[in-house]
Amino acid sequence: MTKLSSLISGIIFGFGLTISGMVNPQKVLGFLNIFDAWDPSLIFVMIGAILIFSPLHFIFKRKSRPFFAQSFIISSNNDIDKNLILGASLFGIGWGLVGFCPGPAISAISFSNTNVYLFVLFMFIGFFLGNIFQTKKHFI
Amino acid sequence: MNIINFTPLSALTGGLLIGFAVFLFFIFNGRLAGVSSVASDSFLKSTNRIDNLLFLLGLIIGPILYSLSGNEIESVLTNSLPLIIIGGLLVGVGTKIANGCTSGHGVCGVSRFSIRSIVATISFILTGVVTVLIFGV
């Protein structure tokens, strides 16, 4: 059953990304272009998502377990460390260069654009390299 | 600063849907739908692999349903090839090292009032803004 709920969540997520315009890198870059010609739309996407998820998740977290799984998996990591700042900063640079973050980039696969495929391919190579960095930090 | 192309209504509608999708994934699967984690776990970890791949498939189906319902989707990617490669690598490495992206930290983490996620969100917006300031749109 988690398979069905995964697929449906993904479809609604992708549909929402599309309606919001976030699958268009130009729209995201417009948001980051604060000092020139600014498009504040992305803030409204985040506000909308948080308005729904925040209260509902606090209510349902008190439930003993999710409908199709043993327990809720929520990160207990509260550290604000070098990796968090370094990783988020690198991510922001890539985001600012192209205008894609992981969700919209994967959704944009549906537009059959070679450059999108290439971006997603190198994003996955990036996951792989980041994973090596995380697990073998002492080698670097 | 001028404000252009601002579409608050569609942005808010899309955001509400994204929040609802994240909520469904949470109450049914018990997991937080951070796309970078779902995507990287789908090939780095065997746990929940099918779930993760189906979520990603859903992300791809979403825009197709949207265009089937008669709407036009605008998506313009103008970068040069090297920039797309560097951008993809940075987004992949960065979200992996930071354990989250716009959805994992920006939506899920901020919704949980996680200070770690709020710091991450401020960091990537900040470097994103500076990058656009330097390289342009």
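Structure first, text after, so check above.
Values in this document were obtained by computation on a predicted structure and should not be read as measured data.

1. Some details on the state of the cysteines
Within this structure, the stated rule accounts for 0 disulfides over all chains. The thiol of C101(A) is not disulfide-bonded; the next cysteine sulfur, from C101(B), is found 6.1 Å away. Cysteine C108(B) shares no disulfide, and the gap to the nearest cysteine sulfur, in C101(B), comes to 8.7 Å. Note on C108(B): relative accessible area 1%, which makes it buried.

2. What to know about the interface of chain B and chain A
Counting residues at the interface gives 106 residues for chain B, matched by 103 residues for chain A. The salt bridge partner of R116(B) is D81(A), with a shortest N-O separation of 3.9 Å. For the pair chain B and chain A, the number of links is 29 residue pairs in polar contact (both at pLDDT 80 or more). Broken down by secondary-structure element, the contributors of at least two residues to the side of chain B that touches chain A are strand 1 (2–3), helix 1 (8–29), helix 2 (35–44), helix 3 (49–68), helix 4 (81–97), helix 5 (102–111) and helix 6 (115–135) of chain B. In terms of residue count, the dominant contributor to the side of chain B that touches chain A is helix 1 of chain B (21 residues). Split into classes, the residues belonging to the side of chain B that touches chain A amount to 66 nonpolar, 34 polar and 6 charged.

3. Here's the deal with empty space enclosed by the protein
Applying the stated criterion across every chain yields a total of 1 cavity of 30 Å³ or more. As for the largest cavity, its lining consists of 18 residues, and the residues nearest its centre are L17(A), V45(A), C101(A), T102(B) and S103(B). Listing elements by their share of the lining of the largest cavity, those giving two or more residues are helix 1 (2–20), helix 3 (41–60) and helix 5 (102–107) of chain A together with helix 5 of chain B. Here the lining of the largest cavity takes 4 residues from helix 3 of chain A, the largest share from any one element.

4. Here's the deal with the packing of helix 4 (residues 82–98) of chain A against helix 6 of chain B
Two elements in contact, helix 4 of chain A and helix 6 of chain B, have axes whose closest approach is 7 Å; the angle formed by their N-to-C orientations is 40°. In this structure, helix 4 of chain A meets helix 6 of chain B at a crossing whose hand is right-handed. Together, L84(A), I85(A), A88(A), S89(A), F91(A), G92(A), I93(A), W95(A), G96(A) and L97(A) of helix 4 of chain A and R116(B), V119(B), A120(B), S123(B), F124(B), I125(B), T127(B), G128(B), T131(B), V132(B) and F135(B) of helix 6 of chain B make up the contact between the two elements. In terms of residue class, the contact of helix 4 of chain A with helix 6 of chain B is made up of 13 nonpolar, 7 polar and 1 charged.

5. Some points on the nonpolar core
Of all hydrophobic cores here, the largest spans 63 residues; its most connected members are F13(A), W95(A), F100(A), I106(A), F119(A), F55(B) and L59(B). At 9 residues, helix 1 of chain B tops the list of elements feeding residues into this core. Contact partners of F119(A), with chain neighbours within four places excluded, come to V98(A), F100(A), A105(A), I84(B), G87(B), G88(B) and V91(B).

6. Concerning the pattern of salt bridges
All names here are of chain B. Evaluated as defined, the whole model comprises 3 salt bridges over all chains. For D41, the salt bridge goes to K45, with nearest N and O atoms at 3.8 Å. The class of D41 is buried, set by a relative accessible area of 15%.

7. Quick word on the side chain of S111(B)
By the element assignment, S111(B) lies in helix 5. Each residue touching S111(B), except ones within four places of it in the same chain, is listed here: I50(A), F53(A), S54(A), H57(A) and F58(A).

8. Here we look at the packing of aromatic side chains
By the definition in use, this model includes 17 aromatic pairs over all chains. Judged by centre distance (5.7 Å) and plane angle (85°), the rings of F53(A) and F26(B) are edge-to-face. Note that F53(A) is positioned in helix 3 and F26(B) in helix 1, a pairing that runs across two chains. Each member of the pair, F53(A) as well as F26(B), carries the same accessibility label: buried. Taken together, a centroid distance of 5.1 Å and an interplanar angle of 50° make the contact between F25(B) and F55(B) tilted. On the criterion of sequence distance, the pair formed by F25(B) in helix 1 and F55(B) in helix 3 is long-range, its members being 30 residues apart.

9. Overview of the layout of surface pockets
Considered as a void within the structure, the largest pocket measures approximately 770 Å³ in volume. What lines the largest pocket is a set of 33 residues, and nearest its centre among them are S75(A), L32(B), S37(B), D41(B) and N99(B). Of all the elements in the fold, those that place two or more residues in the lining of the largest pocket are helix 6 (114–135) of chain A together with helix 2, helix 4, helix 5 and helix 6 of chain B. At 6 residues, helix 2 of chain B tops the list of elements feeding residues into the lining of the largest pocket. Residues of the lining of the largest pocket, tallied by class, amount to 8 nonpolar, 19 polar and 6 charged. Space inside the second largest pocket adds up to approximately 360 Å³. Along the walls of the second largest pocket sit 21 residues, with G21(A), N24(A), K27(A), D39(A) and E74(B) positioned nearest its centre. Contributions of two or more residues to the lining of the second largest pocket are made by helix 1 and helix 2 (25–32) of chain A. Of the residues contributing to the lining of the second largest pocket, the split by class is 7 nonpolar, 10 polar and 4 charged.

Parameters and conventions
Positions within a chain are numbered from 1, following the residues in the order the chain's sequence is written. To label them, take the chains in the order written and letter them from A, then take the ligands in the order written and number them from 1. Totals for whole chains, interfaces and linings use every residue, but because this is a predicted model, local features are given only for residues with pLDDT of at least 70 and side-chain atom pairs only at 80 or more, for both listing and counting. Note that the side-chain values use all heavy atoms of the structure and ignore hydrogens as well as water. Our working definition of a disulfide is a cysteine sulfur pair at a distance within 2.5 Å. Three exposure classes are used, based on accessible area relative to the maximum for each residue type with a 1.4 Å probe and protein chains only: buried under 20%, partly exposed in between, and exposed over 50%. Note on definitions: a residue-residue contact is assigned when non-hydrogen atoms from the two residues lie within 4.5 Å. Just to be clear on terms, a salt bridge is a Lys or Arg side-chain nitrogen sitting within 4 Å of an Asp or Glu carboxyl oxygen. Polar contact is defined as a pair of N or O atoms within 3.5 Å, subject to the rule that within protein one atom must be able to donate a hydrogen and the other to accept it, and that residues adjacent in sequence are counted only when both atoms are side-chain atoms. In DSSP terms, a helix is any run of H or I states spanning at least four residues, a strand is any run of E spanning at least two, and both are numbered starting from the N terminus. Three residue categories are used. Nonpolar comprises Ala, Val, Leu, Ile, Met, Phe, Trp, Tyr, Cys and Pro, charged comprises Asp, Glu, Lys and Arg, and polar comprises the others, including Gly. Cavities and pockets were defined on a 1 Å grid built over protein atoms only: a cavity is a set of grid points that admits a 1.4 Å probe from which the probe cannot escape, a pocket is an open set flanked by protein on both sides within 12 Å along at least five of seven lines, and lining residues are those with an atom within 4 Å of any such point. Grid points are joined across faces, edges and corners, and a volume is the space filled by probe spheres set on the points. Note on method: axes are straight lines fitted to C-alpha atoms, helices fitted across the in-contact stretch only, with angles between N-to-C directions ranging 0 to 180 degrees. Helix crossings get a hand from a simple test, with the near helix turned counterclockwise from the far one by less than a right angle marking a left-handed crossing and a clockwise turn marking a right-handed one. In this description, a nonpolar core means a group of buried Ala, Val, Leu, Ile, Met, Phe, Trp, Tyr and Cys residues linked to one another through side-chain atoms lying within 4.5 Å. Between rings of Phe, Tyr and Trp, where Trp is taken as its six-membered ring, a pair exists when centres lie within 6.5 Å; planes separated by under 30 degrees are stacked, by over 60 edge-to-face, and by other angles tilted.

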